[in-house]
2 protein chains.
Amino acid sequence: MSSFEEAETEETVTCLHLTFYHPGQEQRMMFRCLDFCRREQVRADDVAKFGRDSGVCRYSLADTRVSRVQFSLQFYRKLHTSEHGFEIKNLSKRTKLTVNQTELGYLNKVDLPWRSVIRFGDYQILAEVQEGEAMDYFETHLHLAEGPILQEKCLPSLQPENGIPVPENGISPSFFLSQGKSPTEMDENDL
Amino acid sequence: MSSFEEAETEETVTCLHLTFYHPGQEQRMMFRCLDFCRREQVRADDVAKFGRDSGVCRYSLADTRVSRVQFSLQFYRKLHTSEHGFEIKNLSKRTKLTVNQTELGYLNKVDLPWRSVIRFGDYQILAEVQEGEAMDYFETHLHLAEGPILQEKCLPSLQPENGIPVPENGISPSFFLSQGKSPTEMDENDL
């Protein structure tokens, strides 16, 4: 047998795809420290932090309106199952963070749905979890959105005709529409 | 008014009391890196790790049978309340960790009850949360148990006549007795 045939079956790896949008991103200043080219491995026992302080945050945003540490993501295994998941925690005292319809204050945390929109200030991040088997690490893959996520990316793909199932704790397109129409959200997100 | 009278009201601080027991602790070797004398402040956005690797773990156990990182504790604020809590996560691939009656495998996590016994290998740790208001940090206060926690410390104080209320997800003394009598637990914990 060749070494290829004898090699251990390769594990699939959980990958967290994060698509970033900011209305001022044409200048790309706030995203200049992020690597949009390659997947990055993160140890399962590490907590991935996002924020302005590059000494503390693995993913740093070069924007004075971003908190030193804005939020963190931890990888974990759900109790009594073999499923993995991510938990997001707001670490900013100044800024609320929303995950779909859930608003997180300072030190609040919540499970990240398999597909969700994270928002704080003018930032929108579409988070999509691609499940894998590996337990020792996960990967992150960062993308740059071409336009606002709530208007262009999220709404159409959540419609059933595109073949993407609506998650159990489903976000209906009408939710995003109603969010988009709310005056508060308009101000916050420049929609 | 004196400066004492004008000073801001001091905040109370959440304190996590951790009482350590190991059957070989008379030699105190495994606990030589822990500071039992003073309370320690931990930033609210930090994750407190316990394990053998002092480069990674704030609280290090000098014992080759302990994993590089054994478990972590994170401080958080419960959603829609002003209450704080701690979450414990098992970061050891080799060793199960139990929190009262809940067994955690690698990367499993669970809320730490206000009073609980954490066990892994021969270690027993009584964890008691003393609630406070401060949001930016919490304190840890480590103690050395005089004897096994399950036999001597936990059982009597959970009896109502001692004036300590039994928690909602109550641990009845019979639970600890039955655990103590189980052959598996006997082996694991040297009871």
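Above this text you will find the structure in question.
The structure contained in this document is the topic of the report that follows. From a predicted model like this one, the values you see are computed outputs, not experimental measurements.

### A short note on the side chain of B:Ser92
Residues and elements named next belong to chain B. When you line up the elements, Ser92 lands in the loop between strand S6 (84-90) and strand S7 (97-99). A polar side-chain atom of Ser92 sits 3.3 Å from the main-chain amide nitrogen of Arg94. Sequence-distant contacts of Ser92, that is, excluding residues within four places in its chain, are made with Ser67, Val69, Gln70 and Tyr106.

### Description of the sheet that holds strand S7 (residues 97-99) of chain A
All names here are of chain A. Read from one edge to the other, the open sheet built from seven strands follows the order S2-S12-S1-S11-S10-S7-S8, with strand pairing classed as mixed. Of all strands in the sheet, those with a lone pairing partner are strand S2 (40-43) and strand S8 (102-104), marking the two edges. The mean angle between the axes of side-by-side strands here comes to 25°, regardless of whether they run parallel or antiparallel. Across two bridges, the pairing between S7 and strand S10 (residues 115-120) is antiparallel. Along S10, the bridge assignment pairs Val99 with Ile118.

### What to know about the relation of the copies chain B and chain A
Once chain B is rotated about the relating axis by 180° and shifted along it by 0.0 Å, it coincides with chain A to within an RMSD of 0.1 Å. A rotation of that kind, with that shift, is consistent with a two-fold axis. The rotation axis passes nearest to the C-alpha of B:Val47 in chain B, at a distance of 4.1 Å. Mapped onto chain A, 100% of the interface residues of chain B again fall at the interface, so both copies present the same surface.

### Structural notes on the pattern of salt bridges
Within the structure shown, the criterion is met by 27 salt bridges over all chains. Taking the shortest distance from any N to any O, the salt bridge between A:Arg58 and A:Asp46 comes out at 4.0 Å. On the criterion of sequence distance, the pair formed by A:Arg58 in the loop between strand S3 (47-51) and strand S4 (59-60) and A:Asp46 in the loop between S2 and S3 is long-range, its members being twelve residues apart. Note on A:Arg58: relative accessible area 36%, which makes it partly exposed. Residue classification places A:Asp46 among the partly exposed positions, given a relative accessible area of 26%. What you see here is one network of salt bridges that share partners, running through A:Glu40, A:Asp46, A:Arg58 and B:Lys49.

### Description of the pairing of strand S5 (residues 71-77) of chain B
Walk down a regular strand and you will see the side chains alternate between the two sheet faces. Residues and elements named next belong to chain B. Summarising burial for S5: seven of the seven residues are buried, a large majority. A two-sided burial pattern is seen for S5, the buried positions comprising Phe71, Leu73, Phe75 and Arg77 on one face and Ser72, Gln74 and Tyr76 on the other. As defined by bridge partners, strand S3 (residues 47-51) adjoins S5 across four bridges and the pair is classed as antiparallel. Within the sheet, the bridge partner assigned to Val47 lies in S5 and is Gln74. Judged from the seven bridges that link them, S5 and S6 form a sheet pairing that is antiparallel. Of the residues in S6, the one forming a bridge with Phe75 is Phe86. Between S5 and S6, which pair antiparallel in sequence order, lie six residues; one of them, His80, sits at a positive phi of approximately 65°.

### Here we look at the sheet that holds S6(B)
The strand order S4-S3-S5-S6-S9 (chain B) describes an open sheet built from five strands, whose pairing is mixed. The sheet is open, and its two edges are formed by strand S4 (59-60) and strand S9 (109-111) of chain B, each paired on a single side.

### Things to note about the interface of chain B and chain A
Facing 29 residues of chain B, the contacting portion of chain A comprises 29 residues. Scanning the region where chain B abuts chain A turns up seven salt bridges. Counting across the interface, chain B meets chain A through 20 residue pairs in polar contact (both at pLDDT 80 or more). Secondary-structure elements contributing two or more residues to the side of chain B that touches chain A are S3, S5, S6 and strand S8 (102-104) of chain B. Looking at the side of chain B that touches chain A element by element, the count peaks at four residues for S5(B). Split by residue class, the side of chain B that touches chain A holds eleven nonpolar, five polar and 13 charged.

### A closer look at the state of the cysteines
Residue and element names in this part refer to chain A. One pass over the full model with this rule turns up zero disulfides over all chains. We note that Cys57 lacks a disulfide partner, and the nearest cysteine sulfur, in Cys33, lies 11 Å from it. Taking relative accessible area as the criterion, Cys57 reaches 4% and is therefore assigned buried.

Calculation notes
The numbering scheme is per chain: residues are counted from 1 as the chain's sequence reads. Just so you know, chain letters begin at A and ligand numbers begin at 1, following the order they were written in. Predicted model: local features are reported for residues with pLDDT of at least 70 only, side-chain atom pairs are reported and counted for 80 or more only, and whole-chain, interface and lining totals are derived from all residues. The side-chain values count all of the structure's non-hydrogen atoms but skip hydrogen atoms and water molecules. For helices the rule is a DSSP run of H or I covering at least 4 residues; for strands it is a run of E covering at least 2, with both sets numbered from the N terminus onward. As used in this structure description, the phrase polar contact means that two N or O atoms lie within 3.5 Å; if the pair is within protein, one of them must be able to donate a hydrogen and the other to accept it, and residues adjacent in sequence are counted only when both atoms belong to side chains. Two residues form a contact once any of their heavy atoms are found within 4.5 Å. Strand pairing follows a simple DSSP-based rule, namely that at least 2 bridges must link the two strands. Here, axes are lines fitted to C-alpha atoms. For helices the fit covers the stretch in contact, and angles between N-to-C directions go from 0 to 180 degrees. All copies are superposed by least squares; the fitting set is the C-alpha atoms of residues with a pLDDT of at least 70 in both. Salt bridges, as used here, are contacts in which a Lys or Arg side-chain nitrogen is within 4 Å of a carboxyl oxygen on Asp or Glu. Exposure classes here rest on a 1.4 Å probe applied to the protein chains alone. A residue is buried below 20% of its type maximum, exposed above 50%, and partly exposed in between. Residues are sorted three ways: Asp, Glu, Lys and Arg are charged, Ala, Val, Leu, Ile, Met, Phe, Trp, Tyr, Cys and Pro are nonpolar, and all the rest, Gly among them, are polar. Note on disulfides: each one is a pair of cysteine sulfur atoms within 2.5 Å.

In short, geometric facts, not functional conclusions.
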